[in-house]
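Structural overview
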Amino acid sequence: MSEPLAERLRPRTLDDYIGQQHLVGEGAVLRKMIESGRISSFILWGPPGVGKTTLAQIIAHRLETPFYTLSAVTSGVKDVRDVIERAQKGRFFNQSSPILFIDEIHRFSKSQQDSLLGAVEKGIVTLIGATTENPSFEVIRPLLSRCQLYVLKPLEPSDLSLLLHRAITTDTELRSRDIELAETGAMLRYSGGDARKLLNILELVVESAPADAKIVVTDAMVVECLQQNPLAYDKDGEMHYDIISAFIKSIRGSDPDGALYWLARMIEGGEDPQFIARRLVISASEDIGLANPNALLLANAAFDAVMKIGWPEGRIPLAEATVYLAASPKSNSAYLGVDAALQLVKNSGNEPVPLHLRNAPTKMMKDLGYSDGYKYPHDFPGNFTSQQYLPDRLVDNRLWHAQHSPSEEKLYQQMLRCWGKRYEH
């Protein structure tokens, strides 16, 4: 039986690798690390089909150092310890640390991750982890602090188009067929930036055509194939990401019916309840925000309840939070505000803290003017007095812009009372 097309086309070198130029392009951080031959521990975080495992395999081919692979789905603590012991015994003097690649590291339990920590700290192994989940939630802090984090992005349409043309011109099996890519819009749309999904769609379309006929790929042809066999293009069950996207967008769009439908799809599909609950907490902060601060409290309560009671009763607090978030007024002013602040920090660098805002625990600091002139707001009427809180060069920047939902309007009016004209626009 032939290998799947996605496996046959898996790149073996960085020059064949498509996408992620911010990491592997000329002069980019991962390319320089790989070309130097010295790898430090890192975690690759990104959606499926964007090249995480492929990057690890390229490193394995490129570097002359032992390379061990574990899958978090099938490996336990004993497997981790066995690999670490083999790595320790097989290492020669002055040789680079063996590399341990762990796919789906987010599925490792805390005890499994703890068993890795000592080996990573001592340099017995260099860890490369791959995850589709936010490492901040899924990887223990001591391990995360010892690894660089690199974020991989969904592939761009130009990357996917290049991959399609490479497939029909270089793959041995596809080259034997007469294939013309008349239209590619539907394939690109259905793939959602996932290279593996794209190649699975192409393979499905080719397999559906008569063996000796010319294949002219059109959008209509792709849609027809996928409607006849809607899960075939998603051979690894990665509808997961499409459905959670629809769920969050239904909440953001204030449609409780749509949100409940996608919640039910996830429940019936066997989704991890913790995954759903975590998304509700994120949505409460990102999409409801200051328009209804109680949304975050309810989402957190639902998360706690689900962790305590599990399935099937866990569906009830999840549904309660889903309906509440979808029916709530929406504001992303805090989300936009912190992103604006992060961009300002990146653009302006490390601006000095104004002297009056600095801490002065020693006499020397007081003599240097630290904390001098600071006005304690509680000493003034209304617990407020006007003074400068931003660095000198950034003093005119506005980062938070209220969106005037009923709840947020109260905050905005308070800012008008405090700051006047600064908040009038």
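What counts as what
- Residues numbered from 1 in each chain as written.
- Predicted model: local features only at pLDDT ≥ 70, side-chain atom pairs only at ≥ 80, totals over all residues.
- Heavy atoms only, no water.
- pLDDT = per-residue confidence, 0-100.
- Helix = DSSP H or I, 4+ residues; strand = E, 2+ residues; numbered from the N terminus.
- Contact = heavy atoms within 4.5 Å.
- Axes fitted to C-alpha atoms, helices over the stretch in contact; angles between N-to-C directions.
- Parallel < 35°, antiparallel > 145°, perpendicular 65-115°, else oblique.
- Left-handed = near helix turned anticlockwise from the far one by under 90°.
- Nonpolar A, V, L, I, M, F, W, Y, C, P; charged D, E, K, R; others polar.
- Pairing = 2+ DSSP bridges.
- Core = buried A, V, L, I, M, F, W, Y, C linked by side-chain atoms within 4.5 Å.
- Buried < 20%, exposed > 50% of the residue type's maximum accessible area, 1.4 Å probe, protein only.
- Phe/Tyr/Trp six-rings, centres within 6.5 Å; stacked < 30°, edge-to-face > 60°.
- Lys NZ or Arg CZ within 6 Å of the ring centre and 35° of its normal.
- Salt bridge = Lys/Arg side-chain N within 4 Å of Asp/Glu carboxyl O.

Averaged over the chain, the pLDDT score is 84; the fraction of residues at 70 or greater is 94%. Within the chain, helix α18 (residues 315–327) carries the highest mean pLDDT (93), whereas helix α20 (residues 363–367) carries the lowest (78). Counted against residues more than four places away or in other chains, residues 230–238, with its pLDDT under 50, gives 19 contacts.

This next bit is on the packing of helix α9 (residues 157–170) against helix α12 (residues 195–207). Packing of α9 against α12 leaves a shortest axis separation of 11 Å and a crossing angle of 45°. When the axes of α9 and α12 are compared, the pair comes out oblique. Judged by the twist between their axes, the crossing of α9 over α12 is right-handed. The segment α9 lies against α12, with Leu160, Leu163, Leu164, Ala167 and Ile168 engaging Ala195, Leu198, Leu199 and Leu202. In terms of residue class, the contact of α9 with α12 is made up of 9 nonpolar, no polar and no charged.

For the rest of this paragraph, the subject is the sheet that holds strand β3 (residues 99–103). Pairing within the open sheet is parallel, and its 5 strands lie in the order β2-β3-β4-β1-β5. Where the open sheet ends on each side, the last strands, each with one partner, are β2 (67–71) and β5 (148–151). On average, adjacent strands in this sheet sit at an angle of 15° to one another, irrespective of strand direction. In the sheet, β2 pairs with β3 via 5 bridges, with the strands oriented parallel. Looking at the pairing, Tyr68 lines up with Leu100 of β3.

Let's shift gears to the nonpolar core. Leu174, Ile179, Leu181, Met187, Leu202, Val217 and Val222 are the most contacted members of the largest nonpolar core, which totals 31 residues. Tallying contributions element by element places α12 first for this core, with 8 residues. When residues no more than four places from it in sequence are discounted, the contact partners of Leu174 are Leu5, Ala167, Ile168, Ile179, Leu202 and Val206. In this structure, Ile243, Phe275, Val281 and Phe303 belong to the second largest nonpolar core, which totals 24 residues.

Enumeration according to the criterion identifies 4 aromatic pairs in this entry. Note on Tyr261 and Trp262: the rings are 4.8 Å apart at their centroids and 75° apart in plane angle, and the pair reads as edge-to-face. Trp262 gets classed as partly exposed once you look at its relative accessible area, which sits at 23%. Grouped by ring-pair contacts, the aromatic residues Phe384, Tyr389 and Trp419 constitute a single cluster. The side chain of Arg189 reaches across the aromatic face of Tyr190, ending 5.6 Å from its centre.

By the definition in use, this model includes 17 salt bridges. Taking the shortest distance from any N to any O, the salt bridge between Arg8 and Asp171 comes out at 2.8 Å. Of this pair, Arg8 sits in helix α1 (residues 5–8) while Asp171 sits in the loop between α9 and α10 (172–175), placing them 163 residues apart in sequence. On the accessibility criterion, Arg8 (22% relative accessible area) is partly exposed. Two residues, Glu286 and Arg252, come together in a salt bridge whose shortest N-O distance is 3.7 Å. You can see Glu286 sitting in helix α16 (residues 273–288) and its partner Arg252 sitting in helix α14 (residues 239–252), a full 34 residues away along the chain. On the basis of relative accessible area, Arg252 is assigned to the partly exposed category, the value being 37%. Salt bridges linked by common partners bring Arg8, Asp171, Glu173 and Glu203 together as one network.

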